[in-house]
Each structure stands twice: as C-alpha cells, then as structure tokens.
Protein chains: 2
Amino acid sequence: METTAFLDLTLFNWESQVKRMTMTFDSFTDEELYLQVAPQRNRVIYILGHITAVHDMLLPLLGLGERMYPELDAYFITHPDDPEKELPAPAKLRACWKDVNATVLQHFRTLPPAAWLQKHTMVTQEEFEKEPHRNRYNVLLSRLTHISYHLGQLVLVNR
Amino acid sequence: METTAFLDLTLFNWESQVKRMTMTFDSFTDEELYLQVAPQRNRVIYILGHITAVHDMLLPLLGLGERMYPELDAYFITHPDDPEKELPAPAKLRACWKDVNATVLQHFRTLPPAAWLQKHTMVTQEEFEKEPHRNRYNVLLSRLTHISYHLGQLVLVNR
C-alpha cells in the first residue's frame, strides 16, 4: 500500500472542492453577490470574503508563509455580515479568492507527506504531545468540510 | 511515518461530523423538522431522510453489506421534497439515522486500511485501472463533505 495514497486523494478532493466553489462564485453576477443565502442570513459576497480570509489564514496556521490579505479580517472574520456596511468590491474579492487558493495549493503540493502529520502553529508542543491529531492534516480536513458547508448554503440563493 | 495516520484522521473526522449532524437533528423538535431551510427549499425532515438514505447506500456501495432501509429512497432520493407529500414519521427517521450510522461506523472501524484503496462496487475493474482514485476512500471523503454541505443548510433554519 502506498503511504501517501490517502493524503494524495485528500489533496485531490481539496482541489476539486476549491474549483467547485470558484465555479459557484463565478456563476453569480456582481449584483447577485449582494443576495442573501436565506432571509436575514449572510450575503454571498460575505461568504466569498469570509472563505478567502479563512484560506489565507492557512498560510500562517500551517507555517507556510505570511498572510496575503489580512485586511479582509475586519470585514469577514471579526464582524458578522451587515447589509448596511460597505465591503471591498466584488472584482477585488474575486481576485483575492483565486490568488489565495493558487498560493495555498502550491504549498500543499510541495509539503512533504510527513510534514502534514506535524503540529500546526496554533498548538504548543506540550498540547500536541497530548493531542497528536492536532496536526496540519487535520486542519486540511476541517477546511475541506468548511468549503462544502458554505457550498451547501450558496445553492439556496433565490436568483 | 505511520501508514494509516491519514486514514485514521479522516475516520476521526467522519465520526465528529456524524456526531455534529446528530446533535443538529436532535436540536429540532418534531414540529420544527417540517421547517424549510430557506423559502421553497428542502425541509429539515427531508434532509434527515435524504442523508440517512445516502449513508445507508454506503453499505452496498463499499461492499460492506445489504441496505438497511431501502424504502427511504422513494421519499428522499428519487423524488425532490414536496411539502404536500406525507413522509415517514420523525421518530422513525431519527431512529434510522442513528441505526444506519452505527452500522456504517462499525464497518469503517474494521475495514483494513488497504481495502480503502480498493475499488468501490459501482466501478468496473476496467474503469478502475484507468481511474484508480475511484476507491472506497474517495467515497468516504465525498460523503464527509456531503454531511457538511447539509450542516451548512440546517444552521439557516429560522426557528
């Protein structure tokens, strides 16, 4: 049995889910991005900015590099969606989404398999010894399901 | 590097997501199960029956056994949700969901790691030689993201 078969398949699925999300965002016009996924719930543009920021955070979290767009957090992480508040422009957010994912994927492809089982940067060595599942691969799985969580919401938009 | 570390982590995540989904279904009263996740979209009870049928289908798809509740398909797989149509009772569906997942998990825990990389039953040997990623593990990842896809919808219910 090939040691990296499971990891390879997970990375293959990551790429598929990111592509599916990109196609979904691309299917919304700039105007449609301001629609809510359900009454009183997040707008599509909020989910676009939110998931971009979350994927950008993977860079420091997995020890792969610096944040690319930390300025997104004030809009999409630390504050809930507010239809009254002005957000970065659709074109800017669409570009950030693609840029962040291209960078993240490049790192994912070159990270050695054993490095996926090492601790991520938000856990101390002491905590990691007690809870060895708190590694990079576990973060990958968690962000993989995070994509589909929001994909499931985007299909509900009434347009 | 431990060969099964990636598989073990994925199974650990599967169990967590199933638990999270169970807690979510349990948080709805029987009456609330008839609420739609968004206007004109699936009711919670439809998602409950649907994901139960999908997990039940894992048994033959992964070559683990016979279907437990094939009668669910007529309601939750082959037909879209229709608020006019009578569905199996909440108590029955809640029990099926738990029953199916307990059985599936038991199989997952005893399946040897190498077996996860073998083809699933819906692909021919010839197709599998050309597309070796069509294995049991790939189905597991696909169903893992399927859970979160619907979890993302259930949090939108206005109750």
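On a predicted model such as this, the values are computed, not experimentally measured, just so you know. (Residues numbered from 1 in each chain as written. Chains lettered and ligands numbered in written order. Predicted model: local features only at pLDDT ≥ 70, side-chain atom pairs only at ≥ 80, totals over all residues. Heavy atoms only, no water.)

Peer 1: Looking at this model, I keep getting lost on the relation of the copies chain B and chain A. Mind explaining?
Peer 2: The pair of chain copies shares a relation made of a rotation about an axis and a shift along it. Between chain B and chain A, which share one sequence, the superposing operator has a rotation angle of 180° and an axial displacement of 0.0 Å; the RMSD is 0.0 Å. Taken together, the rotation and translation describe the operation of a two-fold axis. Residue Tyr149(B), judged by its C-alpha, is the member of chain B lying nearest the rotation axis, at 2.1 Å. Both copies present the same face, since 100% of the interface residues in chain B are matched by interface residues at the equivalent positions in chain A. (Least-squares fit on C-alpha atoms with pLDDT ≥ 70 in both. Contact = heavy atoms within 4.5 Å.)

Peer 1: Please clarify how helix H7 (residues 136–154) of chain B should be interpreted in this entry.
Peer 2: Helical geometry note: an α-helix holds 3.6 residues per turn, so side chains three or four residues apart project in the same direction. Residue and element names in this part refer to chain B. In this model, H7 (19 residues) spans 27 Å end to end at C-alpha, consistent with the 27 Å of a helix rising 1.5 Å per residue. When you tally the buried positions in H7, you get 18 out of 19 residues, the bulk of the element. Regarding H7, its N-cap is asparagine 135, as a side-chain oxygen of that residue lies 3.2 Å from the backbone nitrogen of tyrosine 137 further along. (Helix = DSSP H or I, 4+ residues; strand = E, 2+ residues; numbered from the N terminus. Expected span 1.5 Å × (residues − 1). Buried < 20%, exposed > 50% of the residue type's maximum accessible area, 1.4 Å probe, protein only. Polar contact = N/O pair within 3.5 Å; in protein donor to acceptor, adjacent residues only side chain to side chain.)

Peer 1: Mind showing me how you'd approach the packing of aromatic side chains here?
Peer 2: Given two aromatic rings, their pairing is described by the distance between the two centres and the angle made by the two planes. Residue and element names in this part refer to chain A. Applying the stated criterion across every chain, the model contains 12 aromatic pairs over all chains. Members of the aromatic cluster, joined through ring pairs, are Trp14, Phe108 and Trp116. Sitting above the plane of the phenylalanine 28 ring, arginine 159 keeps its charged end 3.7 Å from the centroid. (Phe/Tyr/Trp six-rings, centres within 6.5 Å; stacked < 30°, edge-to-face > 60°. Lys NZ or Arg CZ within 6 Å of the ring centre and 35° of its normal.)

Peer 1: Help me understand the interface of chain B and chain A, please; the structure alone is not making it clear to me.
Peer 2: How large an interface is tends to be reported as the accessible area lost when its parts come together. Contacts between the two partners involve 35 residues from chain B and, on the opposite side, 35 residues from chain A. Summing the contributions of chain B and of chain A, the shared interface buries around 3,200 Å²; its carbon and sulfur component is 72%. The interface formed by chain B and chain A holds 14 residue pairs in polar contact (both at pLDDT 80 or more) in total. Mapped by element, the contributors of at least two residues to the side of chain B that touches chain A are helix H1 (5–26), helix H5 (113–116) and H7 of chain B. For the side of chain B that touches chain A, the leading source of residues is H7(B), giving 10 residues. (Buried area = accessible area lost by both parts, 1.4 Å probe.)

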